[in-house]
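# Residue-level structure breakdown
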Amino acid sequence: MTNGTDTRGSVMELTDVVREYHVGGQAVRALDGISLALTGGEFASVVGPSGAGKSTLLHLLGALDSPDSGSIRFGGNEIGTLGDEQQSEFRRHQVGFIFQFFNLLPTMSAWENVAIPKLLDGVRMSKAKPEALALLDMVGLGNRTDHRPAELSGGQMQRVAVARA
Ligand SMILES: Nc1ncnc2c1ncn2[C@@H]1O[C@H](COP(=O)(O)OP(=O)(O)OP(=O)(O)O)[C@@H](O)[C@H]1O
Ligand SMILES: [Mg+2]
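Throughout what follows, the structure given in this document is the object of discussion. Since the model is a prediction, treat every value here as computed from it, not as a measurement.

Moving on, we get to the site of ligand 1. Surveying the vicinity of ligand 1 reveals the residues Tyr 21, Val 23, Val 28, Ala 30, Pro 49, Ser 50, Gly 51, Ala 52, Gly 53, Lys 54, Ser 55 and Thr 56. Note that an oxygen atom of ligand 1 is positioned 2.6 Å from one of the side-chain N or O atoms of Ser 50. Backbone polar atom of Ser 55 to an oxygen atom of ligand 1: 2.9 Å apart, as the coordinates give it. Relative to its free-state accessible area of 640 Å², ligand 1 is covered by the protein chains to the extent of 58%. Per-class residue counts for the shell around ligand 1 are 6 nonpolar, 5 polar and 1 charged.

Given below as structure tokens:
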């Protein structure tokens, strides 16, 4: 929920979503007609055995991938068929990712890592930096803002990723 866009109450709606991978002439139908609705502000867990299609589903929800058929709508807009550039825009403005292995930029400080999505979006440093510092304060890292990822504990790195998301 970045860029001042309030997504609470927005709905992510999937209808008959199919995603099939093709490897060496073999087709794997990772998602076979999934339909579901998620409401902003809701906590949801995706649970299932290894290979069930959880990561495939999350990639689609985050516009990191596109379905072969079916519809994915967010706040009423179709995101399943966006082009590369529009997908990037959607990810920058509407989605936050917290990766299992953090994916922090190693040469940047904690506050720079948090500020980077804003800076990429053209927000001025004079605005992006105080916002990043405030976000780090919210996750209890107000005293680690200048540390690089390698100078933080695992839980602290994860909290930087939470602040960035
Ligand atoms: N890039 C790919 N190319 C071909 N097949 C893939 C690809 N990614 C995933 N698959 C196949 O699609 C199915 C779903 O994979 P996915 O990664 O979504 O599972 P998962 O539920 O996240 O599993 P895990 O719990 O092991 O992470 C699996 O059978 C997998 O082998
Ligand atoms: Mg997975």
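That was the structure; now back to the text.
The interhelical angle for the contact between helix H3 (residues 110-120) and helix H4 (residues 125-138), taken along N-to-C directions, is 130°, at an axis separation of 8 Å. Comparing their axes, H4 and H3 come out oblique. Crossing geometry of H3 relative to H4 is assigned as right-handed. Counted together, Ala 110, Trp 111, Val 114, Ala 115, Lys 118 and Leu 119 of H3 and Met 125, Ala 128, Lys 129, Glu 131, Ala 132, Leu 133, Leu 135 and Leu 136 of H4 form the full contact between these two elements.

This part covers the sheet that holds strand E3 (residues 69-74). Each strand in a sheet pairs with its neighbour through backbone hydrogen bonds, running either in the same direction (parallel) or in the opposite one (antiparallel). Across the sheet, which stays open at both edges, the 4 strands sit in the order E2-E1-E3-E4 with antiparallel pairing between neighbours. Each edge of the open sheet is held by one strand with a lone partner, namely strand E2 (26-39) and strand E4 (77-78). In this sheet, E2 lies alongside strand E1 (residues 11-23) in antiparallel orientation, the contact comprising 11 bridges. Paired with Tyr 21 across the strands is Val 28, a residue of E2.

Right, let's get into H3. Buried within H3 we find Ala 110, Trp 111, Asn 113, Val 114 and Ala 115. Of the surrounding elements, those touching the buried residues of H3 are H4 and helix H5 (154-164). Just downstream of H3 lies Gly 122, where phi reads positive at about 90°.

Turning next to unusual backbone geometry. In this model, Asp 16 sits at a positive phi of 50°, which is unusual for a non-glycine residue. Tracing the backbone through its elements, the reader meets Asp 16 in strand E1. In this structure, Asn 103 is a non-glycine residue whose phi angle is positive, near 50°. In this structure Asn 103 comes out as partly exposed when scored by relative accessible area, which is 44%.

Calculation notes
- Counting restarts for each chain, with residues numbered from 1 along the sequence as it is written.
- Naming scheme: in the order in which they are written, chains are lettered from A and ligands are numbered from 1.
- Thresholds applied to this predicted model are a pLDDT of at least 70 for local features of residues and 80 or more for the giving and counting of side-chain atom pairs; totals over whole chains, interfaces and linings are not thresholded and use all residues.
- For side-chain calculations, the full set of non-hydrogen atoms in the structure is used, while hydrogens and water are omitted.
- Here, proximity means that at least one heavy atom of the residue falls within 4 Å of the molecule or strand.
- The term polar contact refers here to a pair of N or O atoms within 3.5 Å; inside protein, the definition further demands a hydrogen-donor-capable atom paired with an acceptor-capable atom, and it admits residues adjacent in sequence only when both atoms are side-chain atoms.
- Surface exposure here means Shrake-Rupley accessible area, sampled with a 1.4 Å probe, where a residue is shielded only by the protein chains that are shown.
- Basically, the charged four are Asp, Glu, Lys and Arg, the nonpolar ten are Ala, Val, Leu, Ile, Met, Phe, Trp, Tyr, Cys and Pro, and anything else, Gly included, counts as polar.
- Helix axes use the C-alpha atoms of the stretch in contact, all axes being lines fitted to C-alpha atoms, and the angles between their N-to-C directions lie in the range 0 to 180 degrees.
- For the purposes of this entry, the term helix denotes a DSSP run of H or I that reaches at least four residues, the term strand denotes a run of E that reaches at least two, and both are numbered from the N terminus.
- Throughout this description, any angle smaller than 35 degrees is read as roughly parallel, any larger than 145 degrees as roughly antiparallel, any in the 65 to 115 degree range as roughly perpendicular, and the remainder as oblique.
- It is the rotation of the near helix from the far one that decides the hand of a crossing: anticlockwise by less than a right angle makes it left-handed, clockwise makes it right-handed.
- Whether two residues touch is decided by their heavy atoms; if any such pair falls within 4.5 Å, the residues are in contact.
- Here, a strand pair is defined by DSSP locating no fewer than two bridges between the strands.
- Throughout this description, buried means an accessible area under 20% of the type-specific maximum (1.4 Å probe, protein chains only), exposed means over 50%, and partly exposed covers the range between.

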